[in-house]
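# Geometric and topological summary
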Amino acid sequence: MSLNSSTLLNEENSQGPKRNTECLESLELQTPSSFQDNPLQQLQLASQEVLEKAKKSGRSKCPRCSSSRMFYCYTCFVPVETVPTKEIPTVKLPLKIDIIKHPNETDGKSTAVHAKLLAPDDVTIYKYPCIPEYEEKRHEIALIFPGPNSVSVKDIAFHLQKYTKKSVCDDDDDCSREPFLKRAKIEPKEEEKNINECISSNRSEGTRLKKIIFIDSTWNQTNKIITDERLQGLLQIELKTRKTCFWRHQKGKPDTYLSTIEAIYYFLVDYHQEVLKENYKGQYDNLLFFFSFMYTLIKNAKCCAGKE
């Protein structure tokens, strides 16, 4: 699923900041492809040269709050002064995304901000308990979270039919809609045509996903959010086939438990192929623009420290 993550870095190296700096400098000329086991190296990403330059420059000011940050400000959701916004890729998503962040989740350890930085028009981050009411739009919203009633991405359209606001005939042919002939005198053939068109239209409306919700927290913190009454009754989706690359994986949890940005990315890839029925050509790869860079940075540091 989707949850905890991180920004950076030096804390991963137990040899201390001086040794860590030396390691990073000695590996500056290496690229992700130099590590054959890097699962992110096949991504179609925009140039990360701007991040390389920012790394050499060190921390910089947030243009909004003036806080000292590396790469971006995780409270204002903007790049720092040494990372020009025009050099950061923008990703257009096929639906809207709400991220519900646990209040105790450390801002600097969350990859949720990556999604907001890279898809600003389609992503909204809420800090729990300040979240929207979803009751009236359950027919077009789904929640990414594993559970006994969770379904796969490919089954979204089928299961969203149950949430449509307008009643249509279900699998038992039990139709709760008022017959057309009771409401207006029309010819039988016209009646049949109208019924079919109405059912088809309602099913199309009811199976069209417009928003997906992700929870951003550690797995031990999720219970407070997932049991909130505002999230009850939503269609739940589980991502079962992907493995995390996150460098701060939670002990005791399976490797299919993804960081937030990984979950968003993999969901969109599956949605593009399974629901939209279109060939995937890297349209959402840049959602991992920051994540892949940090993954390589951390891996280089660990390798230099002799941890791998």
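Residues numbered from 1 in each chain as written. Predicted model: local features only at pLDDT ≥ 70, side-chain atom pairs only at ≥ 80, totals over all residues. Heavy atoms only, no water.

Formally: UniProt positions are given in the numbering used here, feature names are shortened, and annotations may be inferred rather than shown by experiment.
Going by what an unreviewed UniProt entry lists, the protein chain is known as tRNA-uridine aminocarboxypropyltransferase 1 and is assigned to Cathartes aura. As its UniProt record puts it under Sequence similarities (unreviewed entry), the protein chain is described as follows: "Belongs to the TDD superfamily. DTWD1 family." In its Catalytic activity (unreviewed entry) section, the UniProt entry covering the protein chain states "a uridine in tRNA + S-adenosyl-L-methionine = a 3-[(3S)-3-amino-3-carboxypropyl]uridine in tRNA + S-methyl-5'-thioadenosine + H(+)".

### What to know about the side chain of D216
Threshold: Only runs of H or I of at least four residues qualify as helices and only runs of E of at least two qualify as strands under DSSP, and these elements are numbered from the N terminus. For every residue, the accessible area (1.4 Å probe, protein chains only) is compared with the maximum for its type, and the residue is labelled buried under 20%, exposed over 50%, or partly exposed between those bounds. His is not counted, nor are the chain ends, whereas Lys and Arg count as positive and Asp and Glu as negative. Salt bridges are identified by distance alone: a Lys or Arg side-chain nitrogen within 4 Å of an Asp or Glu carboxyl oxygen. In the analysis that follows, any N or O atom pair within 3.5 Å is treated as a polar contact, provided that within protein one partner can donate a hydrogen and the other can accept it, and provided that, for residues neighboring in sequence, both atoms belong to side chains.
Positionally, D216 belongs in strand β9 (residues 211–216). For the buried D216, no salt bridge is present, and the opposite-charge side chain at shortest range is K101, 5.2 Å distant. Reaching out from D216, the side chain makes a polar contact with the side chain of S110 at a distance of 2.5 Å.

### Thoughts on helix α2 (residues 49–57)
How we decide: The arc in question is traced by the directions running from the helix axis to the C-beta atoms. Only heavy atoms enter the contact rule, under which two residues are in contact if any of them lie within 4.5 Å.
Turning to α2, its buried residues are V50, L51, A54 and K55. Projected down its long axis, α2 carries its buried residues within an arc of 140°, all on one side. Away from the buried face of α2 by more than 90 degrees, exposed residues K56 and S57 are located. Contacts made by the buried residues of α2 are with α9 (289–304).

### Concerning the sheet that holds β9
What counts is decided by this rule: At least two bridges found by DSSP between two strands is the condition for calling them paired. Interaxial angles span 0 to 180 degrees and are taken between N-to-C directions of axes, which are lines fitted to C-alpha atoms, for helices over the stretch in contact.
Strand order in this open sheet of 5 strands is β7-β6-β9-β8-β10, and the pairing throughout is parallel. Each edge of the open sheet carries a strand with a single partner, namely β7 (123–127) and β10 (235–237). Strand after strand, the sheet turns through a mean of 25° between neighbouring axes, direction not considered. In this sheet, β9 lies alongside strand β6 (residues 96–101) in parallel orientation, the contact comprising 6 bridges. Within β9, the residue paired with I97 across the bridge is I212. The sheet strands contacting helix α8 (residues 260–274) are β6, β8 (141–144), β9 and β10, and the helix crosses β9 at an angle near 155°.

### With respect to unusual backbone geometry
Cis rather than trans, the peptide bond between Y128 and P129 has omega equal to 15°. The topology assignment puts P129 in the loop between β7 and β8. Phi at S66 is positive, roughly 65°, even though this residue is not glycine. Considering the arrangement of structural elements, one finds S66 in the loop between β2 (60–61) and β3 (68–69). The backbone phi angle of F71 is positive, close to 75°, even though this residue is not glycine. Along the chain, the position of F71 falls in the loop between β3 and β4 (72–73). On the accessibility criterion, F71 (1% relative accessible area) is buried.

### A look at α9
Stated precisely, the cut-off is as follows: Expected span of a helix, by definition, is 1.5 Å for each gap between consecutive residues, and there is one gap fewer than residues.
Here α9 spans 23 Å end to end across 16 residues, near enough to the 22 Å set by a 1.5 Å rise per residue. The element α9 is extensively covered by neighbouring structure, given that 14 of its 16 residues are classed as buried.

### Considering the packing of aromatic side chains
Applied cut-off: Here a pair means two rings of Phe, Tyr or Trp (six-membered ring of Trp) with centres within 6.5 Å. Their orientation is stacked below 30 degrees between planes, edge-to-face above 60, and tilted elsewhere. Ring-over charges, as used throughout, are those where CZ of Arg or NZ of Lys falls within 6 Å of the ring centre and within 35 degrees of the ring normal.
According to the stated counting rule, one finds 7 aromatic pairs in the structure shown. Chaining the aromatic ring pairs together yields one cluster made of Y72, F289 and F290. A cation over an aromatic ring shows up here: R69 above the ring of Y74, its NZ or CZ 4.2 Å from the ring centre.

### Here we look at the nonpolar core
Let me state the cut-off plainly: Throughout, nonpolar core names a set of buried Ala, Val, Leu, Ile, Met, Phe, Trp, Tyr and Cys residues whose side chains join them through atoms within 4.5 Å.
Counting residues in hydrophobic clusters, the biggest one holds 58 residues, and the most contacted among them are I97, I212, F267, L287 and F290. A per-element tally of this core places α8 first, with 9 residues. With residues up to four places along the chain from it excluded, the contact list for L287 reads V91, L93, H114, L118, A119, I261, I264, Y265 and L268. Counting 14 residues, the second largest nonpolar core, distinct from the first, contains Y134, I141, I213 and I215.

### Overview of the packing of α2 against α9
Spelled out, the test is: Orientation labels follow simple angle bins: below 35 degrees gives roughly parallel, above 145 gives roughly antiparallel, 65 to 115 gives roughly perpendicular, and whatever is left gives oblique. Less than a right angle of anticlockwise turn of the near helix away from the far helix marks a crossing as left-handed, whereas a clockwise turn marks it as right-handed. Each residue receives one of three labels: charged for Asp, Glu, Lys and Arg, nonpolar for Ala, Val, Leu, Ile, Met, Phe, Trp, Tyr, Cys and Pro, and polar for the others, Gly being one of them.
Look at α2 against α9: their axes get within 11 Å of each other, and the N-to-C directions meet at 50°. Viewed along their axes, α2 and α9 adopt a mutual orientation that is oblique. Handedness of the α2/α9 crossing: right-handed. Counting all contacts with α2, which are made through V50, L51, E52 and K55, the residues of α9 involved are F289, F290, F293 and L297. In terms of residue class, the contact of α2 with α9 is built from 6 nonpolar, no polar and 2 charged.

### Quick word on the environment of Q161
Structurally, the position occupied by Q161 is in the loop between α4 (156–160) and α5 (180–183). Distance in space between the C-alpha atoms of Q161 and E140 is 9.5 Å, their sequence separation being 21 residues.

### Remarks on the side chain of E140
Mapped onto the elements, E140 comes out in the loop between β7 and β8. At 3.5 Å, the side chain of E140 and the side chain of H139 are in polar contact. Not counting chain neighbours up to four residues away, the residues in contact with E140 comprise R208, L209, K210 and K211.

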